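Residue strings, one per chain:
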Amino acid sequence: MKAFLPLCLSLLLSAPSASTASSESLKPRLVVCTDIAPADVEPDDMESMVRLMAYADLFEIEALITTVGWNCDPYPTEWAEYLFRVVAAYRKDLPNLMRRSSQRNFLPLEKEQARQRIGYWPSADYVQSRCVMGSQRGGIKAIGEGNDSPGSDLLIRLADENDPRPIYVAAWGGANTLAQAIWRVKQTRTAEQLKRFVNKFRIYTITDQDMQYSMRMNRAYSSHQWLRQEFRDELQFIWDEGTWQEQCELGKRHWQQHADHIQGKGALGKEYSTYKWGVEGDTPSFLYLLPNGLNDPDDPRQCGWAGYHERGLCPDSLTTAWTSWQEPVRSASIGYKTRFYPDELNDFMARMQWVAEGKGNHNPIVIVNRSKGRQPVHVKAKAGKTIRLDASRTYDPDGDLLYYHWWQQPEIGTAKADIDHPSLSSIVVSIPTNATGEIHLILEVHDDGPFHLVSYQRICIHIY
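Residues numbered from 1 in each chain as written. Predicted model: local features only at pLDDT ≥ 70, side-chain atom pairs only at ≥ 80, totals over all residues. Heavy atoms only, no water.

Give me the sheet that holds strand β6 (residues 236-240): which residues, what numbers.
Sheet architecture is open: eight strands sit in the order β3-β2-β1-β4-β5-β6-β8-β7, paired in mixed fashion. At either end of the open sheet lies a strand with only one pairing partner, and these are β3 (131-133) and β7 (310-313). Each strand axis lies, on average, 30° off the axis of its neighbour in the sheet, ignoring direction. The sheet contact formed by β7 and strand β8 (residues 320-323) spans four bridges and is antiparallel. (Pairing = 2+ DSSP bridges. Helix = DSSP H or I, 4+ residues; strand = E, 2+ residues; numbered from the N terminus. Axes fitted to C-alpha atoms, helices over the stretch in contact; angles between N-to-C directions.)

The structure is reproduced here in structure tokens:
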């Protein structure tokens, strides 16, 4: 009995059950559609997969689906080996990664397959069980009878689970595995049931890769266009043209830091390939979802590590989605990507130190007006009045000194707020007399520890 009690206590501390977890503490649900390939073909999916595994405590990885992309139609089944290589590396590095959350054990596999809390490192067995093959042929003509796959079947099961959280699909290659799942449900369920099914999903596509590269301007070839046409009001669709290119270019400019602090660090670092075209072009698709307090992924207007998006006409000149390909949105999005990139890279390098050494720095814990968490803080304010925002209870788990910076995202709202002493932990905000709607403020908190890690809190001020 004495040996049994510490084990039970460890399980409770490191991986609380889904039944007691609040929605605030639950991970966001993530599905990746990847055209992962050998390094001499396209190494950036390997790079992005390594980074994702280094952040597996922040995402509920529901599925890792191998699928078609620009360089592979049909997708060669043997290329799935590269996905399993990353999972095998994750298995080796897990003991060090678990130290970051003081986690000693794993939940039983059947409980891992339920709901996971932020901070919980899933077992490699769980991650491997979520690796499946998706659509091996690209384009809208492949959708229909004969194109069901383990990936599309899994997406249907995920959406049918009794779980209110949305499912975010990060399309590193083509997303026609999702299109096939939706097509199958359309054949077998009522219109209302189909609508509820589609409402479960959000999608972030890295350009449009449901086709071969040589035909990339033939938008009508892609099943992505069908998704935007048929489900424009049911499916939150982000079509990234801009942020992913900037991710590639910034990575190339900062490659020496990748070589020094990421490559070769632990087993995962040994799988981090040297770039060929650009660095981690697929990574914005899950940085958008990263629960670091900066943005709510249900509102693409909120800037974050994946830039900034507005709803508008797509590059196909036919459909609408959330995009950043046209000015002035493109410059705004790239501006945010450039602004946040040093912190994004520092955060990754710090995690790779944990991979290699089992020790390192932690991010600050931000508390604003007694609210501790990663969801935006909502407050009401009257136009022409002032409000006080207090982050003095913010702390650093390692005891590092903290530095504060408050600022306003100007793309949301109608007026510029006046922030008194934006470098202090507590501020007074003056609301303009002509302000209406919302004002969005962001608190950035850096520590003075290794890599100067950052945490954020977004404050949504509702004007009345």
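The rest of the description comes next.
Quick one: what's the story with the confidence of the model for the protein, residue by residue and with numbers?
Scored by pLDDT, the protein comes out at a mean of 93, with 95% of its residues at no less than 70. Counted against residues more than four places away or in other chains, residues 1-21, with its pLDDT under 50, gives 18 contacts. (pLDDT = per-residue confidence, 0-100. Contact = heavy atoms within 4.5 Å.)

Quick one: what's the story with the side chain of R202, residue by residue and with numbers?
In this structure, R202 sits in strand β5 (residues 201-206). Judged by relative accessible area, which is 16%, R202 ranks as buried. Polar side-chain contacts of R202 include one of 2.8 Å to the backbone oxygen of N199. Not counting the four nearest positions on each side in its chain, R202 is found in contact with P166, I167, Y168, V169, L235, Q236 and D298. (Buried < 20%, exposed > 50% of the residue type's maximum accessible area, 1.4 Å probe, protein only. Polar contact = N/O pair within 3.5 Å; in protein donor to acceptor, adjacent residues only side chain to side chain.)

Just give me the short version of the packing of helix α3 (residues 80-99) against helix α14 (residues 329-357), but keep the residues and values in it.
To characterise two packed helices, one gives the angle between the axes of the helices and the distance between these axes. The N-to-C vectors of α3 and α14 enclose an angle of 115°; their axes lie 7 Å apart at closest approach. Of the two elements, α3 crosses α14, and the hand of that crossing is right-handed. Across the interface between the two elements, D93, N96, L97 and R99 of α3 pack against R351, W354, V355, A356 and E357 of α14. In the contact of α3 with α14, the residues fall into four nonpolar, one polar and four charged. (Left-handed = near helix turned anticlockwise from the far one by under 90°. Nonpolar A, V, L, I, M, F, W, Y, C, P; charged D, E, K, R; others polar.)

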